[in-house]
Amino acid sequence: MKNDYILLTPGPLSTSETVRQAMLKDWCTWDDDYNKEIVEVIRTQLVTLATKQPGYTSVLMQGSGTASVEATIGSAISHQGKLLVVDNGAYGARIAQIADYLNIAYRVVSPGEIDRPDLSEVAEILANDNTITHVAIVHCETTTGMLNPIEAFTRLAKQHGKVVILDAMSSFGGIPMDIGELGIDFMISSANKCIQGVPGFGFVIAKQSELEKCKGQARSLSLDLYDQWHCMQTNHGKWRFTSPTHTVRAFHQALTELAQEGGIDARHQRYQTNQKTLVAGMRSLGFKPLLDDELHSPIITSFYSPTHSDYQFKVFYQRLKEQGFVIYPGKVSNADCFRIGNIGEVYPRDIERLIGAVANAMYWQQ
Ligand SMILES: *Cc1c(COP(=O)(O)O)cnc(C)c1O
C-alpha cells in the first residue's frame, strides 16, 4: 500500500512502507515474543539513544504524547511540590494546563510565542521561590518550530537543585542530545515523531532514582508512571493494561531503520537539509518565516500567510494536497501563519518537489 500524499505534519508523520508492514501480524500482549523480544529491546534501545550515562531507565505509556506528559507531571510532583513551567507555545501551555487540572501548584514564565525564555527571569524566580521543586520546558516548541535553550535552562535549574522535566516530544531522535550530561531527570517523547513510528503510545526516559520517588504519588491509575514502570521492570516488559501491540511492533521496526540510517546524527543531518532546503525555497517564492533564523529547529517551520486578498489557507492546502503534500495550519495566536514539517520519511528531493508544488498553488499571484 503506497501513500497518496506525504504528511508534512508532525505528527503523525509519513512512515516507511516497512514500518507499516510490521503491523500486519497480530501479537499477544503478554507473550514472550512480544514482551521480551520487542518491548524490552525497545526500552533498552531508547535509553541507549538518550544517554551514555548510567542510572537511566525507560517506560512506555499508552495514549498520545500528552498522556505521557500528564503521567509524568501527575506522578513526579508530590502534593507538597510546585512546578515552574516555560510557556512559549501551545505545548508549554498544555503542561501548565495539566498542572491546573491536577491541582498541582505551578508558576509560568511566558516570553510570548516568538521568543525564548529570559533566563535571568527564570533565575530570579528560582532564587526567590524556594517552594518550587520541579521545572518543565519544551525542547522544540512545535507550535512555531522554536528550539528552546535547554542546556542553559537545565544548568540553572540544577544550580537550584530542581528536578527537570523535558518535553522532547518532537525532537528526540531527530536532534542529538545526552540527557544524562544535560542533567534531565524526565524526558518525554512519543512513537509518532522523530523515531518515525505510528501513533499509539509515548515514552519517558528517566533517572531511575527519581522515578522510584514517584511511587504512590500518581493522581491517576492508568497514568501512574511508577506503577507502569515497575510492572515493565519486574515482569520483562509486561504492560499493566492492554498495550498497542501493532504500534509497538512498528516502533521496533522504526528503531531498526533509525540505526540503518546511521543513528540520530544522520537523521538530524537529513532533517536539517530538509529544513534549509524548505526555507531557501519558500523565501525564493516570497514567503517569510515567522521566527528569526537562529531560533529555527530542523523539525518544523512556520511561515507568514501571504497577505494577498485572494489567499485562503483551505484552498492553498487543497492545491498542495492534490499535488501530494499535506501541510499544517498555523497555531500561533497573534500571527496568521501556516506550518511545514520536515520530519518523517521525507527527503530533500521531496522538499524540492514541494517547492515546485507551492509555486503551482500560488494562483492568487496571477
Ligand atoms: C506532538 C507533541 C506533543 C504531544 O501531542 P499529542 O497530540 O498528545 O501526541 C507534546 N509536545 C510537543 C512539543 C509535541 O510536538
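Now for a look at the structure at hand. None of these values were measured; they are calculated from a predicted model. (Residues numbered from 1 in each chain as written. Predicted model: local features only at pLDDT ≥ 70, side-chain atom pairs only at ≥ 80, totals over all residues. Heavy atoms only, no water.)

1. What about the sheet that holds strand β13 (residues 328-329)?
So, step 1. The strand order across the open sheet built from three strands is β11-β14-β13, with neighbouring strands paired in antiparallel fashion. The strands lining the two open edges of the sheet, one partner per strand, are β11 (300-304) and β13.
So, step 2. Across two bridges, the pairing between β13 and strand β14 (residues 337-341) is antiparallel. Looking at β14, one finds that P329 is bridged to F338. (Pairing = 2+ DSSP bridges. Helix = DSSP H or I, 4+ residues; strand = E, 2+ residues; numbered from the N terminus.)

2. Describing helix α5 (residues 119-128)
So, step 1. Among the residues of α5, those classed as buried are V122, I125 and L126. The buried residues of α5 all sit within an arc of 95° when viewed along its axis, so they share a single face. Of the exposed residues in α5, the ones pointing more than 90 degrees away from its buried face are E124, A127 and N128.
So, step 2. Close packing links the buried residues of α5 with β3 (82-86), β4 (105-109), β5 (134-138) and α6 (150-159). (Buried < 20%, exposed > 50% of the residue type's maximum accessible area, 1.4 Å probe, protein only. Arc of directions from axis to C-beta. Contact = heavy atoms within 4.5 Å.)

3. Points about the packing of aromatic side chains
So, step 1. Inspection of the entire model under this criterion finds 13 aromatic pairs.
So, step 2. Ring plane angle 80° and centroid distance 5.1 Å describe the contact between F201 and F251, whose orientation is recorded as edge-to-face. You can see F201 sitting in strand β10 (residues 201-207) and its partner F251 sitting in helix α10 (residues 245-261), a full 50 residues away along the chain.
So, step 3. Aromatic side chains F287 and F316 sit 6.3 Å apart centroid to centroid with 20° between the ring planes, which places their arrangement in the stacked category. Residue F287 is found in the loop between α11 (263-284) and β11, and its partner F316 is found in helix α12 (residues 313-322); the two are separated by 29 residues along the sequence.
So, step 4. Under the relative-accessibility criterion, F287 is labelled buried at 7%.
So, step 5. These aromatic residues form a ring-pair network of at least three members: F287, F303, Y311, F316, F338 and W364.
So, step 6. Between K193 and the ring centre of Y91, over which it is positioned, the NZ or CZ distance is 5.9 Å. (Phe/Tyr/Trp six-rings, centres within 6.5 Å; stacked < 30°, edge-to-face > 60°. Lys NZ or Arg CZ within 6 Å of the ring centre and 35° of its normal.)

4. Notes on the side chain of T72
So, step 1. The residue T72 is located in helix α3 (residues 65-76) in this model.
So, step 2. With sequence-adjacent residues up to four places away left out, T72 is seen in contact with I165, F186, I188, V204 and L225.

5. Looking at unusual backbone geometry
The phi torsion of most residues other than glycine is negative, and most of the peptide bonds are trans.
So, step 1. In this chain, P10 is followed by G11 through a cis amide linkage whose omega measures -15°.
So, step 2. Relative to the helices and strands, G11 is located in the loop between β1 (6-7) and α1 (17-21).
So, step 3. The peptide bond linking G11 to P12 adopts the cis configuration, its omega dihedral lying at 5°.
So, step 4. Tracing the chain through its elements places P12 in the loop between β1 and α1.
So, step 5. Despite not being glycine, Q196 has its phi angle at roughly 70°, a positive value.

6. Some details on the site of the ligand
So, step 1. In the vicinity of the ligand, the contacting residues are S64, G65, T66, Y91, R94, V138, C140, T142, D167, M169, S170 and K193.
So, step 2. Within the side chain of K193, an N or O atom sits 2.7 Å from an oxygen atom of the ligand.
So, step 3. Relative to its free-state accessible area of 380 Å², the ligand is covered by the protein chains to the extent of 86%.
So, step 4. Every element with two or more residues in the shell around the ligand is listed here: α3 and α4 (90-101).
So, step 5. Considered class by class, the residues forming the shell around the ligand number four nonpolar, five polar and three charged. (Near = heavy atom within 4 Å. Polar contact = N/O pair within 3.5 Å; in protein donor to acceptor, adjacent residues only side chain to side chain. Areas by Shrake-Rupley, 256 points an atom, 1.4 Å probe, with all protein chains shown as cover. Nonpolar A, V, L, I, M, F, W, Y, C, P; charged D, E, K, R; others polar.)

7. Some thoughts on the packing of α3 against α4
So, step 1. At a minimum axis separation of 10 Å, α3 and α4 run at an interaxial angle of 50°. Overall, the two elements α3 and α4 adopt an arrangement that is oblique. Both α3 and α4 take part in a crossing whose hand is right-handed. On the side of α3, the interface is formed by T66, V69, E70 and I73, while α4 contributes R94, I95 and I98.
So, step 2. Class assignment of the residues belonging to the contact of α3 with α4 gives a composition of four nonpolar, one polar and two charged. (Axes fitted to C-alpha atoms, helices over the stretch in contact; angles between N-to-C directions. Parallel < 35°, antiparallel > 145°, perpendicular 65-115°, else oblique. Left-handed = near helix turned anticlockwise from the far one by under 90°.)

8. Some points on the pattern of salt bridges
So, step 1. Taken as a whole and assessed by the stated rule, the structure comprises 14 salt bridges.
So, step 2. The shortest N-O distance in the salt bridge between K82 and D129 comes to 2.8 Å. Placement of the pair is K82 in strand β3 and D129 in the loop between α5 and β5, with a sequence separation of 47 residues.
So, step 3. Look at K82 and you get buried, because its relative accessible area is 17%.
So, step 4. Residue D129 is classed as buried on the basis of its relative accessible area, which comes to 10%.
So, step 5. One salt-bridge network, in which partners are shared between bridges, spans K82, R107 and D129. (Salt bridge = Lys/Arg side-chain N within 4 Å of Asp/Glu carboxyl O.)

Scope: geometric values only; no functional claims are made or implied.
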